[in-house]
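Given next are the chains, with one letter for each unit.
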Amino acid sequence: MFAYYIQLGLRSLRRNPLLTALMVMAIGFGVAASMTTYSVFRATSNNPIPDKSSQLFVPLIDNWGPEDAAQNKGEPPEAISYTDAMGLMRGHRAKRQTALYPVGPSVIPADASLLPMREESYAVYADAFAMFDIPFLYGGGWQPADDDAHAATAVIGRKLNDKLFNGANSVGREINLDGRSYRITGVMDTWDPQPLFFDPVNTSGFGDPIQLFIPFTRAIDLKMATNGNNNCNKHAGEGWDAWIRSECVWIQYWAELPEQADAASYRDYLRGYAAEQQRSGRFHWAPNVRLYNVPQWLEHEKVVPQEAKVSLLVSLGFLLICLVNTVGLLLAKFMKRAPEIGVRRALGASRKEIYAQFLIEAGTVGLAGGLLGLLLTGVGVFGVTLVFAPDIARLATLNMSLIALTLLVAVLATVLAAFYPTWRAAQVQPAWQLKSN
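A. View of the overall build of the protein. Of the regular secondary structure elements, the protein holds 19 helices and 12 strands. Rg of the C-alpha trace for the protein: 30 Å, well past the compact-globule value of 22 Å for 437 residues, more than 25% over. C-alpha extents for the protein along the principal axes are approximately 100 × 60 × 35 Å. Every one of the 437 residues in the protein was classed for burial, and the buried ones make up 51%. Look at the contacts in the protein between residues 6 or more apart in sequence, and 77% of them connect residues 24 or more apart. Total accessible area computed for the protein in this model is approximately 20500 Å², and 58% of it derives from carbon and sulfur atoms. The centroid of the 38 positive side-chain charges in the protein is displaced by 15 Å from the centroid of its 38 negative side-chain charges.

Have a look at this one:
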């Protein structure tokens, strides 16, 4: 019976081509608009590390005082100072921990035919590789002993390895950074978490994959300045030593706390640390600390662009308008067939069968609209660069899940829109229809 109703639906579509075209276009354009904007929203609100997002935490410590915090709704600065980063590292209260900041060394290829290049680079501690689940193609991260020794080691990305070593295993070989040699301990496989949860402060949450990591301690030894934000509430003084001893904030800090009890204990530790700074005379205010896991941190940093939220809401409104128009078109189409319905009812068809026939027919309209919407969604995804920044636009892709969702939304939305017209069709009185004809 289902196949029979499908055939009836297809015949009905061919019987009124203009009406059918209007309904398919309404569904297609409405679904395409909503799916295109959803593809951007989905990419920007994605959980970049789902297995550990509830275990990785960003601690924040207010080292500027209530006057500055009042300008940010009482929140501490969104990064920490070198003094606090080293204090937390020495405390070592987390299973794993790392301070990190972006650096910008020049990569000088051994091949003289290649020009020096800059890649997205960070200074981190050895724990970062296991904390962030960074996959490796060859080798692995350096060891904590290398952090203590301030060793000249490096981990490079697959893309950089392809450029410098033609994709060969480069573990144990040397890479020249700013004229200094670093021993490569590992080559990362493709690693492109989006949003860039570990440093939304300097990247706004989106950017190219990281291609180089070097030890934090080595970068400090070489006086590598941050390649990101450096915020100070007062003059830091002159020179490197004055800067790293200042209250300027420029370091991101991450702690891995597997259990909720670990997070509660770490929060108490942060309050104790800030209280200790107060007692020592460094802070002149009560402890003001925060501890955010990955989703809370991305929400705090407002990583999802406001335009992505607004455009999704607008497109859903447009889809609703298209569905309202579809209701009217379906009502006109179904009621035009009142004599046919009357004959079917007179021959014994129940209201349930009328419902089934017309809802399945509406489903065929929705499927046709979904196919059109799929085509338009592809065009829309290709054109999002006209609205969004390139770093965000490149994340919007038409993959299998979006294809399936587009067709599903089109069919379900059309069937829902068809309920009222179908109800009206099922109320047709066969005796009156037969008499009037």
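B. Structural view of the pattern of salt bridges. Here the structure, examined in full by the defined rule, presents 10 salt bridges. When the shortest N-O distance is used, the salt bridge between E256 and R96 registers 2.9 Å. Taken as a pair, E256 in strand 11 (residues 252-256) and R96 in strand 2 (residues 96-103) lie far apart in primary sequence, 160 residues in all. Take E256: its relative accessible area is 2%, and that puts it in the buried class.

C. A look at the side chain of N293. Relative to the helices and strands, N293 is located in strand 12 (residues 289-293). Looking at N293, the relative accessible area reads 14%, which means it is buried. A polar atom in the side chain of N293 sits 3.0 Å from the backbone nitrogen of Q296. Beyond its immediate chain neighbours, meaning those up to four positions away, N293 contacts S53, S54, L56 and F57.

D. Molecular detail of the state of the cysteines. The final tally for this structure, using the stated rule, is one disulfide. A sulfur-sulfur separation of 1.9 Å characterises the disulfide bridge that pairs C232 with C248. On the sign convention where negative means left-handed, the S-S torsion of about 110° between C232 and C248 marks this disulfide as right-handed. Of the two residues, C232 is situated in the loop between helix 9 (216-221) and helix 10 (240-245) and C248 in the loop between helix 10 and strand 11; the sequence distance between them amounts to 16 residues. Classification of C232 as partly exposed rests on a relative accessible area of 34%.

E. Region of interest: empty space enclosed by the protein. Inspection of every chain in the model, using the stated rule, returns one cavity of 30 Å³ or more. Approximately 40 Å³ is the volume found for the largest cavity. Lining the largest cavity are E78, A79, V201, N202, N229, N231, V249, W250 and Q252. Residue composition of the lining of the largest cavity, grouped by class: four nonpolar, four polar and one charged.

F. Spatial organisation of the environment of I214. Tracing the sequence through the fold places I214 in strand 10 (residues 212-215). Of the residues examined, I214 reaches a relative accessible area of 1% and is grouped as buried. Ignoring anything within four residues of it in the chain, the contact list for I214 reads V103, Y122, A123, V124, W142, T153, A154, L177, Y182, A219 and M224.

Rules used in this analysis
Think of each chain on its own: its residues are numbered from 1, step by step along the sequence as written. The predicted origin of the model limits local features to residues at a pLDDT of at least 70 and limits the giving and counting of side-chain atom pairs to 80 or more, whereas totals for whole chains, interfaces and linings rest on all residues. Water and hydrogen atoms play no part in the side-chain values, which are based on all heavy atoms of the structure. Per the convention used, a helix needs a DSSP run of H or I reaching at least four residues, while a strand needs a run of E reaching at least two, with both numbered from the N terminus. In this treatment the radius of gyration is a C-alpha quantity, and the globule benchmark scales as 2.2 Å times the residue count to the 0.38 power. To sort residues, take the accessible area from a 1.4 Å probe on protein chains only and compare it with the maximum for the residue type: under 20% means buried, over 50% means exposed, and anything in between is partly exposed. In what follows, residue pairs with any heavy atoms lying within 4.5 Å of each other are defined as contacts. Methods summary: accessible areas were calculated by the Shrake-Rupley approach with a probe of 1.4 Å, and residue burial reflects only the protein chains presented. Think of it this way: Lys and Arg go in the positive column, Asp and Glu in the negative one, and His and the chain ends go nowhere. We put the charge of a Lys on NZ, of an Arg on CZ, of an Asp on CG and of a Glu on CD. For salt bridges, the criterion is a side-chain nitrogen of Lys or Arg within 4 Å of an Asp or Glu carboxyl oxygen. The term polar contact refers here to a pair of N or O atoms within 3.5 Å; inside protein, the definition further demands a hydrogen-donor-capable atom paired with an acceptor-capable atom, and it admits residues adjacent in sequence only when both atoms are side-chain atoms. Cysteine sulfur pairs qualify as disulfides if the two atoms are within 2.5 Å. Grid points spaced at 1 Å over the protein atoms alone were grouped into cavities, where a 1.4 Å probe fits but cannot get out, and pockets, open sets with protein on both sides within 12 Å along at least five of seven lines, with lining residues defined by an atom within 4 Å of a point. Grid points are joined across faces, edges and corners, and a volume is the space filled by probe spheres set on the points. Throughout, the ten residues Ala, Val, Leu, Ile, Met, Phe, Trp, Tyr, Cys and Pro are labelled nonpolar, Asp, Glu, Lys and Arg are labelled charged, and all others, Gly among them, are labelled polar.

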